[in-house]
Amino acid sequence: MKQTVSILIPCYNAEQWIAQTIRSALEQSYPHTEVIVVDDGSTDNSVAVIQSFDGLIQWETQSNQGGNPTRNRLLELSTGEWIQYLDSDDYLLPDKIEKQLAILAQTPQADVIYSPSIFEYWEQKHSRQQVLPIPEPHDPWILLARWYLPQTGSPLWRKSAIAQVGGWKTDQPCCQEHELYLRLLMASKNFVYCDQPGSIYRQWSEETVCRKDMRQTYTQRLIIEDHMEKHLSVTNQLTKERQHAINQARFECARQIWLFDQNWAKQIIKQIQLSEPNFQPLGNAAPKSYQFTYKLLGFNLAEVIAKQKRNLFSLISNA
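Please read all numbers here as calculations on a predicted model, not as lab measurements.

J.: Would you take a moment to explain the nonpolar core for this structure?
T.: One recurring pattern in soluble globular proteins: nonpolar side chains tend to sit buried together. Within the largest apolar cluster, 35 residues are counted, with the highest numbers of intra-cluster contacts made by Y85, W157, L184, F191 and M228. Those residues in contact with W157 that sit more than four places away from it in its chain are E81, W82, I83, Y85, D111, V112, T152, I162, L180, Y181 and L184. Within the second largest apolar cluster, 27 residues are counted, among which are I18, I22, I113 and L156.

Structure below.
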C-alpha cells in the first residue's frame, strides 16, 4: 500500500516565490501526495497567487500567527502518513520525495529521513547553488550538536512522530527545526540518512528568523546544546564524542559572541572547561595558528590576537 505524503507550505509575504514553490510540490514524481498551503496573514499579493492554483491544492488563510503555529495548523489539515514541509521561498527537485521514500524498503522503522540541502544564494538577479554535505559520523545527536541536521524542507517527517512529541513549539522564536529535532531524539525517534539532496533552500534575505537577531539565535542554540547535554547525561548516552561535539559547538558560538559580548563568551568557555577540561578546538573555526595560541595563552588572548590580525589584514587590503 502506497503511503501518502502531505506537502505543507506555510506562506507569509512570498509573492515573489510562492508560485514556483507550489509548482515544485505539484510536479513531484511520487504520485501519492497532497499539497496544502496556509497563508499566514500576508499583506502582499501572495493570496492571489495561491488562489490561482485553486482545484490543484487545498488552501486557507488566517490572521498572522507566525511560522510554528502555521506549521501546526498545516499538520492538522494533513491526511498523509508522511510530511514534507516546504517554506514558501524554497522549492523541491521533482524526485525529492520519491528518492527519500525509497529508503523505507531497507529501514521501515524510520521516523525522520534527512538529506543534504541545496543552498541557493541570491545576489541581485543572479544565483548560485551549493550542496551542504552532512558529514560522518551520522550520529544524529552529534549532527544536531554541530548544527549539521538540515533545514525544515530537507527531511521527510513521519506525521505520527511529530504529533507524539507535541508538534512545533509555538513560542520558539528561532532555531525552530532544531528544537523539534531535539524533542524527537529525546523521544527515541529513528533518524535515517539519505544521501540524495532534493530540497533547495534560498538564501536571499537578512530578515529571516535566525538572522535578524543573532543574540537571540545564539541564546536559543546554546539552550538546545544544554538540554541535549543534560538529557544524554541523565540517560547514560553522553559519549566522549557527543560531549566534544557539544563543546565544539559552544566554542564556535563563543568565538562569534566574543565580538559583541566578551563576558558572555568567556562564561561559555568556562562551561566547556568544566565539562571537558582538556578540550581543544578544531575545524574551520580554529585554524592551526589559533589552536596554538588558544593552547598557550587561553581563549581571551587568542581572540585579542585574532582581532589584531583581522584589523591588520583590513588595513593592508584597503591600502
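J.: Sorry if this is basic, but what is going on with helix α7 (residues 176–186) here?
T.: Every α-helix carries 3.6 residues per turn, so stepping three or four residues along brings you back to the same face. Burial analysis of α7 places 10 of its 11 residues in the buried class, the great majority of the element. Of the positions making up α7, those classed as buried are Q176, E177, H178, E179, L180, Y181, L182, R183, L184 and L185. Note on α7: the residue one or two positions beyond its end, S188, has a positive phi of about 65°.

J.: I keep staring at the sheet that holds strand β9 (residues 156–158) and nothing clicks. Help me out?
T.: Picture the strands of a sheet paired through backbone hydrogen bonds; they go either parallel or antiparallel. Here we have 7 strands laid out as an open sheet, ordered β3-β2-β1-β4-β9-β6-β10, and mixed in their pairing. The open sheet is flanked by β3 (58–62) and β10 (191–193), the only strands paired with a single partner. For this sheet, the mean angle separating the axes of adjacent strands, direction not counted, is 20°. In terms of strand pairing, strand β4 (residues 82–85) meets β9 through 2 bridges, oriented antiparallel. Opposite W82, over in β9, you have R158 as the bridge partner. Contacting β1 (5–11) and β2 (33–40), helix α1 (residues 18–26) crosses the sheet at an angle of about 175° to β1. The strands touched by helix α3 (residues 67–77) are β1, β2, β3 and β4; relative to β2, the strand with the most contacts, the crossing angle is about 145°.

J.: Quick question: what am I supposed to make of the state of the cysteines here?
T.: A covalent bond bridging the sulfur atoms of two cysteines is what the word disulfide describes. Per the stated rule, a full pass over the model turns up 0 disulfides. The closest cysteine sulfur to the non-disulfide-bonded C174 is located on C175, 4.0 Å from its own sulfur.

J.: What exactly am I supposed to notice about unusual backbone geometry here?
T.: The general pattern is negative phi for most residues beyond glycine and trans for most peptide bonds. At the junction of E136 and P137, the peptide bond is cis and its omega measures out at 0° in the coordinates. Mapped onto the elements, P137 comes out in the loop between β8 (126–132) and α5 (140–145). Even without being a glycine, W147 presents a positive backbone phi close to 65°. Relative to the helices and strands, W147 is located in the loop between α5 and β9. The exposure class of W147 is partly exposed, given its relative accessible area of 22%. Positive phi is not limited to glycine here, since N236 has a value of about 60°. Looking at the element boundaries, N236 is found in the loop between α8 (214–234) and α9 (240–257).

What counts and how
- Residues numbered from 1 in each chain as written.
- Predicted model: local features only at pLDDT ≥ 70, side-chain atom pairs only at ≥ 80, totals over all residues.
- Heavy atoms only, no water.
- Core = buried A, V, L, I, M, F, W, Y, C linked by side-chain atoms within 4.5 Å.
- Buried < 20%, exposed > 50% of the residue type's maximum accessible area, 1.4 Å probe, protein only.
- Contact = heavy atoms within 4.5 Å.
- Helix = DSSP H or I, 4+ residues; strand = E, 2+ residues; numbered from the N terminus.
- Pairing = 2+ DSSP bridges.
- Axes fitted to C-alpha atoms, helices over the stretch in contact; angles between N-to-C directions.
- Disulfide = S-S within 2.5 Å.

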